[in-house]
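Residue-level structure breakdown
Each chain, written out:
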There are 2 protein chains.
Amino acid sequence: MATAATGDLNAYFKDRIGQIERTLDELVPEGNRFCGVLFESMRYSLFAGGKRLRPVLALATVEALGGDVEAALPVASTLEMIHTYSLVHDDLPAMDDDDFRRGKPTNHKVFGEAVAVLAGDALLTQAFQVLGTLDATGREAVMLRIVGELALASGSLGMVAGQTADMLNEGKQADAETLAFIHTNKTGALLTASVRIGALFAEATEEQLLALTTYAERIGLAFQIVDDILDVVGSAEKLGKAVGADAAHAKLTYPALHGLQESREAVRRLTGEAHQALQSIGLSGGRLTQIADWLVNREV
Amino acid sequence: MATAATGDLNAYFKDRIGQIERTLDELVPEGNRFCGVLFESMRYSLFAGGKRLRPVLALATVEALGGDVEAALPVASTLEMIHTYSLVHDDLPAMDDDDFRRGKPTNHKVFGEAVAVLAGDALLTQAFQVLGTLDATGREAVMLRIVGELALASGSLGMVAGQTADMLNEGKQADAETLAFIHTNKTGALLTASVRIGALFAEATEEQLLALTTYAERIGLAFQIVDDILDVVGSAEKLGKAVGADAAHAKLTYPALHGLQESREAVRRLTGEAHQALQSIGLSGGRLTQIADWLVNREV
């Protein structure tokens, strides 16, 4: 049963990933002769693979609420643009200085630092361009709220704040409050926004929106603790990067602070709370539950 | 008369700059203990002075059309956030590698490259955060269109495209089509968007919007040709940067390509067309005319 459900989820991801990549391909074209390399660079990182977790979460939420999944594709794709820009900038020499991502040379290794900075800027901007230029007749208030959600989650009150705090604390003594701030903002904010944007697009009730926010916050945190655990116990193949990379950079991690056992316990507790949140609005047992279970069962 | 009008315009700019800086101060607060330096860095560049030309153009347009200038302040301020982010990223070592701007050390010289990248990202994102979270009840369609305008002007079809083309052509043989692309996109697109966003905010008619777009495109191009001329004939004090800096970097400039006399002629022609555009919708002789004349009469 568990295996059947997972197989099912794999097929689901495959379909959704196909839709998302076709949408990204349409939204980010090849460019022009004056600055073709900018578009090449944007597309290089956009099409570097990955599970497309954020747009898939958004689409699964739209689907769970009976919304129009096809119409939601461009909106969901903006989450991948934001995620991709953040990876391109995070990999820069001045930041994490990573040469490889998902087994491929990072953007600046291929296109140079200047183009990588500009491609990141362009991907970030394009997310809002898509939201601002979609035909949203009669639904402008919904789209405008989505603009606000995406920006809040991505900027100085969200992802960029988390990335800054992470960088400032590299090599420093662990501190639970700081780690919580980093987890909540660096990765959590955009994951939560993915679910919330799906909910807003499908015109969820306030009760549904609140419960789905709890779901998203819990799986977002669990996802990162699992990542931290995998870094400690995982293998190079499974993550596609050097094992112990976080420890080598003396990154603040959940297991470093709370120990492995307590970390696994936290994942179980958070997953339970995510399930309960879905149950409270009658959405148990569907894709969102499956995704939660998949996220935390990656080889922990 | 000319002097009186200029004095008058100085006072106008002073008032508007005051309003804009108070608005920016409210919109970009001091930050929190986890990433205070991010906000410091954003504010350092936001409050580094300057004429605030883009928000002033937006507000002057709102005023010319009888719109609510006070209500337009946050919207106008987003143009300065975008402009500031572009300066912070353009100054980075991987880009123009500038140590000083307006006589002050550039952002990365004070805060380091990583924070400068992040502060730029945060300023860019915050522009859309402001647009997406303003109370726009009943005017969501207008605000959403402004989101689209701002993103189109700033991203891979606007400013970032121009910046990329500029960088790619550094040190290369001049080419009129490439220079036009750079001028239109690198600086022109955001200047044009400033006027258009003011017009959209004030709910201009399509006829007004078209004429104001022509006005903005012409003064945007004239402004850059004047900048190029000043770089050739100006003095260090007037520009606040080393004379001949563009020539030293072998930047493509209008005078290098077309000569000084033809450059001055182009400025006159473009200014005339800007005046005509205003005249066609009965907006001659006001602030927008004054701003056009001021822009092109800076010591050419």
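The rules behind these values
Every chain is numbered independently, its residues counted from 1 as its sequence is written. The order in which chains are written sets their letters, starting at A; the order in which ligands are written sets their numbers, starting at 1. In keeping with the model being predicted, local features are shown solely for residues with a pLDDT of at least 70 and side-chain atom pairs are shown and tallied solely at 80 or more, while totals for entire chains, interfaces and linings include all residues. Side-chain metrics rest on all non-hydrogen atoms present in the structure, leaving aside hydrogens and water. We call two residues contacting when some pair of their heavy atoms lies within 4.5 Å. What gets called buried area is simply the loss in accessible area from a 1.4 Å probe that two parts show on being joined, summed for both. By definition, a salt bridge exists where a carboxyl oxygen of Asp or Glu is found within 4 Å of a side-chain nitrogen of Lys or Arg. As used in this structure description, the phrase polar contact means that two N or O atoms lie within 3.5 Å; if the pair is within protein, one of them must be able to donate a hydrogen and the other to accept it, and residues adjacent in sequence are counted only when both atoms belong to side chains. Runs of H or I in DSSP of at least four residues are treated as helices and runs of E of at least two as strands, each being numbered from the N terminus. Any residue outside Ala, Val, Leu, Ile, Met, Phe, Trp, Tyr, Cys, Pro, Asp, Glu, Lys and Arg is labelled polar, Gly included; the first ten of those are nonpolar and the last four are charged. Partly exposed residues are those whose accessible area sits between 20% and 50% of the maximum for their type, while under 20% is buried and over 50% is exposed, using a 1.4 Å probe and protein chains only. Note: pLDDT gives the predictor's confidence per residue, expressed from 0 to 100. Here the expected length of a helix is defined as 1.5 Å per residue gap, with one fewer gap than residues. To obtain the arc, one takes the directions from the helix axis to the C-beta atoms. Here a pair means two rings of Phe, Tyr or Trp (six-membered ring of Trp) with centres within 6.5 Å. Their orientation is stacked below 30 degrees between planes, edge-to-face above 60, and tilted elsewhere. For a lysine, the NZ atom is tested; for an arginine, the CZ atom; a charge sits over a ring if that atom is within 6 Å of the ring centre and within 35 degrees of the ring normal.

Let us now look at the interface of chain B and chain A. The interface is formed by 51 residues belonging to chain B together with 51 residues belonging to chain A. Interface of chain B and chain A: buried area, both sides summed, is about 4,300 Å²; carbon and sulfur atoms make up 75% of it. Where chain B meets chain A, there are 2 salt bridges. Here E177 of chain A ties to R33 of chain B by a salt bridge, and the two come within 2.7 Å at their closest N and O atoms. Remark: the boundary between chain B and chain A carries 6 residue pairs in polar contact (both at pLDDT 80 or more). Secondary structure elements with two or more residues in the side of chain B that touches chain A: α2 (36-46), α4 (69-90), α6 (113-133), α7 (140-154), α8 (159-168) and α9 (176-201) of chain B. Residue contributions to the side of chain B that touches chain A peak at 15 residues, all from α6 of chain B. Residue classes in the side of chain B that touches chain A are distributed as 32 nonpolar, 14 polar and 5 charged.

As a further point, take the pattern of salt bridges. Note that side chains of opposite charge can pair when their charged atoms are close. In the structure shown here, the tally under the stated rule is 34 salt bridges over all chains. One salt bridge in this structure joins D8 of chain A and R287 of chain A, with 3.4 Å as the shortest N-O distance. Residue D8 of chain A is found in helix α1 (residues 2-27), and its partner R287 of chain A is found in helix α15 (residues 287-296); the two are separated by 279 residues along the sequence. Classification of R287 of chain A as partly exposed rests on a relative accessible area of 22%. Note that R268 of chain B and E265 of chain B form a salt bridge whose closest N and O atoms lie 3.3 Å from each other.

Time to look at the confidence of the model for chain A. Here chain A averages 92 in pLDDT, and 91% of its residues register 70 or above. Ignoring residues within four places in sequence, the model shows residues 1-6 of chain A, a span with pLDDT below 50, making 1 contact including any to other chains.

With that settled, consider helix α14 (residues 260-280) of chain B. Residues and elements named next belong to chain B. Spanning 21 residues, α14 covers 30 Å between terminal C-alpha atoms, matching the ideal 30 Å at 1.5 Å per step. Listed as buried for α14 are S263, A266, V267, L270, T271, A274, A277 and L278. With its buried residues spanning 130° around the axis, α14 presents them on a single face. Along α14, the residues that are exposed and aim more than 90 degrees away from the buried face are Q261, R268, Q276 and Q279.

Moving on, we come to the packing of aromatic side chains. Under the defined criterion, the tally for this structure stands at 7 aromatic pairs over all chains. Between F128 of chain A and F128 of chain B, the ring centres sit 4.5 Å apart and the planes meet at 0°, which makes this aromatic pair stacked. Placement of the pair is F128 of chain A in helix α6 (residues 113-133) and F128 of chain B in helix α6, with the two residues belonging to separate chains. With a relative accessible area of 0%, F128 of chain A lands in the buried category. Ring geometry for Y44 of chain B against F111 of chain B: centres 5.5 Å apart, planes inclined by 70°, an arrangement best described as edge-to-face. Pair noted here: Y44 of chain B is in helix α2 and F111 of chain B is in helix α5 (residues 107-111), with a separation of 67 residues, a long-range link. Summarising the burial analysis for this pair, Y44 of chain B and F111 of chain B share the class buried. If you follow R139 of chain B out to its NZ or CZ, it ends over the ring of F201 of chain B, 4.5 Å from the centre.

It is worth spelling out the environment of L152 of chain A at this point. Relative to the assigned elements, L152 of chain A resides in helix α7 (residues 140-154). Each residue touching L152 of chain A, except ones within four places of it in the same chain, is listed here: L157 and G158 of chain A together with Q129 and T133 of chain B.

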